[in-house]
Amino acid sequence: MPGSVLITGASTGIGRALAFEFSRRGFALGLCARRLELLEELKEELSSENQVAVAHLDVAELESVPEVLNKLADELGGVSIIIANAGIGGRSYPGEGTFHQDRKIIEINVLGAMATIDAGADILKKQGGGQIVGISSIAGFRGLSSTPAYSASKAALSTYMEGIRNHLLQHKIAVTVINPGFIDTPINTHRKSRPFLISAEKGAQLMADMIEKQVLSSTVPVWPWAVISRIMYLIPERLWCRINV
Ligand SMILES: NC(=O)c1ccc[n+]([C@@H]2O[C@H](COP(=O)([O-])OP(=O)(O)OC[C@H]3O[C@@H](n4cnc5c(N)ncnc54)[C@H](OP(=O)(O)O)[C@@H]3O)[C@@H](O)[C@H]2O)c1
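Right, let's walk through the structure included here. Note that this is a predicted model, so its numbers are computed, not measured.

Quick notes on the overall build of the chain
In step 1: What the chain contains, in helices and strands, is 8 helices and 9 strands.
In step 2: For 245 residues, the compact-globule estimate of 2.2 N^0.38 gives 18 Å, and the chain sits close to it at 17 Å.
In step 3: Overall, the chain is about 55 × 35 × 30 Å in size when its C-alpha atoms are taken along their principal axes.
In step 4: Here the chain holds 245 residues, and 40% of them are scored as buried.

Here it is in structure tokens:
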């Protein structure tokens, strides 16, 4: 029976598409992001029979994360799946005076996601179990020269989630890591090349299937990224250096 799903970064892109997909599947929704006005509009658009609760949340304001997630969970009368989706991209390089951008990426994509997972685990433990999902990226598989801090942030998130899996299993909390390839959302519309691009709707449908099956981790779509990721891991450092431009 569908339960309820709580999504950070639900105002646009993947988070918004997941809201529509889980609503269609009969889940109640707890949606948060910084742009509350977009969430209010989304709530109207969902016009769902299932309950929808929205709240302002900046995951970089770490202390506010438990309070907002607990408030949403209480409003929904409990939560079964918590998706740490909020994230930003960015292109910056060391020695270029743009360290503040790298810091923001780490604060939101790593610390913000960890704060979400921490608060989420506390809520789910008290409820007797559930599932935590992290939206990581294929960019975390190797250090990408186009977006080094983003790449590092996603490697950190995936590694952290792999590390917490066994501990949380003792509390009946499943951990799922989703590694999207290129999904058509505002985060990447500026890029010249977006290989194997899929729509946010298709991406959300594939992700929701994986989440409901409680897969441990997967690329989205599976093909061709699962194969490409294996190849990426196998490329020796010297060769990676030459092709990673
Ligand atoms: N699209 C892709 O191809 C792709 C590929 C791999 C991974 N991802 C990951 O998927 C996730 C969603 O990205 P997207 O593609 O859907 O991009 P997006 O459309 O730009 O969405 C990002 C979402 O995160 C929210 N957000 C950003 N900073 C936040 C903060 N400090 N606190 C709370 N919410 C915040 C944004 O809402 P507000 O601005 O309203 O707060 C927005 O809802 C990200 O973690 C991204 O790294 C995307």
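Right, picking up where we left off after that structure.
As for the environment of Asn244
In step 1: Looking at the element boundaries, Asn244 is found in the segment after helix 8 (237-243).
In step 2: Look at Asn244 and you get partly exposed, because 14 C-beta atoms sit within 10 Å.
In step 3: C-alpha of Asn244 to C-alpha of Ile178: the two residues are 66 residues apart in sequence and 23 Å apart in space.
In step 4: Each residue touching Asn244, except ones within four places of it in the same chain, is listed here: Leu144 and Ser145.

Some remarks on the site of the ligand
In step 1: By nearness alone, 31 residues border the ligand, and Gly9, Gly13, Arg34, Arg35 and Gly87 come closest of all.
In step 2: Sorting the residues of the shell around the ligand by element identifies helix 1 (13-24) and helix 4 (99-127) as the ones contributing at least two each.
In step 3: The element best represented in the shell around the ligand is helix 1, accounting for 3 residues.
In step 4: Here the shell around the ligand is composed, by residue class, of 16 nonpolar, 12 polar and 3 charged.

As for the nonpolar core
In step 1: With 66 residues, the main nonpolar core has Leu6, Leu18, Leu31 and Ile83 as its most contacted residues.
In step 2: If we skip the residues at most four places from it in the chain, Ile83 touches Val5, Leu6, Ile7, Thr8, Leu18, Val133 and Ile135.

What to know about the pairing of strand 4 (residues 81-84)
In step 1: Residues of strand 4 alternate between two faces, with Ile81 and Ile83 on one and Ile82 and Ala84 on the opposite face, all of them buried.
In step 2: Relative to strand 4, strand 1 (residues 4-8) runs parallel, the two sharing 3 bridges. Directly across from Leu6, in strand 4, lies its bridge partner Ile82.
In step 3: Sheet analysis places strand 4 next to strand 5 (residues 130-135), joined by 4 bridges and oriented parallel. By the bridge assignment for strand 5, Ile81 is matched with Gln131.
In step 4: Of the crossover connections in this fold, the one passing from strand 4 over helix 4 to the parallel strand 5 is right-handed.

As for the packing of helix 4 against helix 5 (residues 148-169)
Geometrically, a packed helix pair is captured by the angle between its two axes and the distance between the axes.
In step 1: At their nearest, the axes of helix 4 and helix 5 sit 9 Å apart, and the two run at 15° to each other. In terms of their interaxial angle, helix 4 and helix 5 are classed as roughly parallel. In terms of crossing hand, the pair formed by helix 4 and helix 5 is right-handed. Contacts from Asp102, Ile105, Ile106, Asn109, Val110, Ala113, Met114 and Ala121 of helix 4 reach helix 5 at Ala149, Tyr150, Ser153, Lys154, Ala156, Leu157, Tyr160 and Leu168.
In step 2: Considering only residue class, the contact of helix 4 with helix 5 consists of 12 nonpolar, 2 polar and 2 charged.

Considerations on the sheet that holds strand 4
In step 1: Across the sheet, which stays open at both edges, the 7 strands sit in the order 3-2-1-4-5-6-9 with parallel pairing between neighbours. Each of the sheet's edge strands pairs with one partner strand only, and the pair in question is strand 3 (52-56) and strand 9 (217-220). Each neighbouring strand pair of the sheet contributes to a mean axis angle of 15°, computed without reference to strand direction.
In step 2: Packing of helix 4 onto the sheet brings it into contact with strand 1, strand 4, strand 5 and strand 6 (173-180), and relative to strand 5 it is tilted by some 170°.
In step 3: Contacting strand 5 and strand 6, helix 5 runs over the sheet at an angle of about 160° to strand 6.

So, unusual backbone geometry
In step 1: That bond from Val220 to Pro221 is cis: its omega, -5°, falls within 30 degrees of zero.
In step 2: Tracing the backbone through its elements, the reader meets Pro221 in the loop between strand 9 and helix 7 (222-234).
In step 3: The peptide bond linking Trp223 to Pro224 adopts the cis configuration, its omega dihedral lying at 5°.
In step 4: Note on placement: Pro224 falls in helix 7.
In step 5: Positive phi, normally seen in glycine, also occurs at Phe196, with a value near 55°.

Scoring rules and cut-offs
- Chains are numbered independently. Their residues run from 1 in the order of the written sequence.
- Where local features are concerned, this predicted model is filtered to residues with pLDDT of at least 70; where side-chain atom pairs are given and counted, the filter is 80 or more; whole-chain, interface and lining totals use all residues.
- A helix here means a DSSP run of H or I that spans at least four residues, while a strand means a run of E at least two residues long, and both kinds are numbered starting from the N terminus.
- Just to be clear, the radius of gyration here is over C-alpha atoms, and the globule rule we use is 2.2 Å times residues to the power 0.38.
- Exposure classification rests on a simple neighbour count of other C-beta atoms within 10 Å of a residue's own: a residue reaching 20 or more is buried, one at 12 or fewer is exposed, and one in between is partly exposed. C-beta atoms are placed from the backbone.
- What counts as a contact here is a pair of residues whose C-beta atoms, placed from the backbone, lie within 7 Å.
- Nearness rests on one distance test: the residue's C-beta atom, set from the backbone, must lie within 6 Å of the molecule or strand.
- Each residue receives one of three labels: charged for Asp, Glu, Lys and Arg, nonpolar for Ala, Val, Leu, Ile, Met, Phe, Trp, Tyr, Cys and Pro, and polar for the others, Gly being one of them.
- Any set of buried Ala, Val, Leu, Ile, Met, Phe, Trp, Tyr and Cys residues joined through C-beta atoms within 7 Å is what this text calls a nonpolar core.
- When DSSP finds two or more bridges between a pair of strands, those strands are recorded as paired.
- A clockwise path from the first strand over the helix to the second, with the strands pointing away from the viewer, defines a right-handed crossover.
- For helices, the fitted line uses only the C-alpha atoms of the stretch in contact; every axis is such a line through C-alpha atoms, and the angle between N-to-C directions lies from 0 to 180 degrees.
- These descriptions rest on fixed angle ranges, namely under 35 degrees for roughly parallel, over 145 for roughly antiparallel, 65 to 115 for roughly perpendicular, and the rest for oblique.
- By definition, turning the near helix anticlockwise from the far helix through less than a right angle yields a left-handed crossing, and turning it clockwise yields a right-handed one.

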